[in-house]
Amino acid sequence: MNFDLALILVVLSALTGVIWLIDKLAFAPARNAQARSIGEITALSEPERKARMQEALREPVITEYARSFFPVLVLILVFRSFIVEPFKIPSGSMMPTLLIGDFILVNKFSYGLRLPVLNSKFLELGEPERGDVIVFRYPGYQCERGGETVRSGTPCFEPLSPVPKQDYIKRVVGLPGDEITYRNKVLWVNGKEISQVYVAPYIGPAEAGRNMDGAQVKDEMLSTQSHRMMVQQSNAGLEGTWRVPPDSYFVMGDNRDSSADSRYWGFVPESNLVGKAILIWFNWDDTIDYRRIGTVIN
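Below or above, wherever it landed, is the structure these notes cover.

## A short note on the sheet that holds strand E11 (residues 186-189)
Taken in spatial order, the four strands line up as E12-E11-E10-E16 in an open sheet, and their pairing is antiparallel. Every other strand in the sheet has two partners, leaving strand E12 (192-193) and strand E16 (240-243) as the edge strands with one partner each. Of the pairings in the sheet, the one linking strand E10 (residues 179-183) to E11 comprises four bridges and is antiparallel in character. Looking at E11, one finds that arginine 183 is bridged to valine 186.

If you want it as structure tokens, here you go:
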């Protein structure tokens, strides 16, 4: 089941805020007036007067909870919507850069500020650059044909239906207007071959990545800074040439032969961007890998 945490936070913030506001405007004045009346009763002893005033001023339980939770909910909503948001890596498509079990932080303002839930941009702050590792809402579609699910781009004779909302993480390979070619496990951008330098065979640090042992780890120079990627001689990712349309991006996983990416389901619209992956803050895959904590993602 997919939960929209942003929507839940917005609803809870609005609900607690409304409850608090209604009480403050409609019911709190009556409680204050009652407390003042009690304070003017001279027949009561001082301890009894204070006790009755405190009782008169006491908020209903629902108001007390709303007042307590409202600022906390708003703070969480603002922080994860406009500053950073945590994500967990569920697959090996970004190996060796990111491993299954990595918990990462995503910068939410790198590519502009967006309203939560609506995801409409209201402040331009920047755009993805080639080589960025980005989180985005999966733009692909699937269709059912004879009970078999096939990816968009595969011939399908029935109407496409949206896939449930899901966040993906990949590396930006192509910017709007770029021509991207992937051939013989080598990437070409606008007719220029992207440099690859062999590093070593891959050895998985955790059980979840051991099936990739022996893959070729390479340094690739997509931007001014190189990043690690890997290919498998026993497997072959989809090859071809693609032209990136306006306001869209072509993305690929660093685990080139084990990644469902733009080669299979198409381009990432600018409106689907969530943010830029910046840091591994924790790792858990049966055990904690302390060496990965604090690793900057590049």
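## Points about the sheet that holds strand E13 (residues 196-201)
Here three strands make up an open sheet; going across it, the order is E13-E14-E15 and the pairing antiparallel. At either end of the open sheet lies a strand with only one pairing partner, and these are E13 and strand E15 (227-231). Within the sheet, the average angular offset between the axes of one strand and its neighbour, ignoring direction, is 35 degrees. Of the pairings in the sheet, the one linking E13 to strand E14 (residues 216-220) comprises five bridges and is antiparallel in character. Residue valine 197 lies in a different strand from E14, and its bridge partner there is aspartate 219.

## So, a nonpolar patch on the surface
Together, Leu7, Val11, Phe79, Ile83, Phe109, Leu115, Val117, Leu118, Phe122, Leu123 and Leu125 line one region of the surface with nonpolar side chains, adding up to about 960 Å² of accessible area. Among the secondary structure elements, those contributing two or more residues to the nonpolar patch are helix H1 (5-39) and strand E4 (121-123). For leucine 125, a relative accessible area of 46% corresponds to the partly exposed category.

What counts, and where the lines are drawn
Residues numbered from 1 in each chain as written. Predicted model: local features only at pLDDT ≥ 70, side-chain atom pairs only at ≥ 80, totals over all residues. Heavy atoms only, no water. Pairing = 2+ DSSP bridges. Helix = DSSP H or I, 4+ residues; strand = E, 2+ residues; numbered from the N terminus. Axes fitted to C-alpha atoms, helices over the stretch in contact; angles between N-to-C directions. Patch = residues over 30% accessible without salt bridge, like charges linked within 9 Å, V, L, I, M, F, W, Y side chains within 5 Å. Areas by Shrake-Rupley, 256 points an atom, 1.4 Å probe, with all protein chains shown as cover. Salt bridge = Lys/Arg side-chain N within 4 Å of Asp/Glu carboxyl O. Buried < 20%, exposed > 50% of the residue type's maximum accessible area, 1.4 Å probe, protein only.

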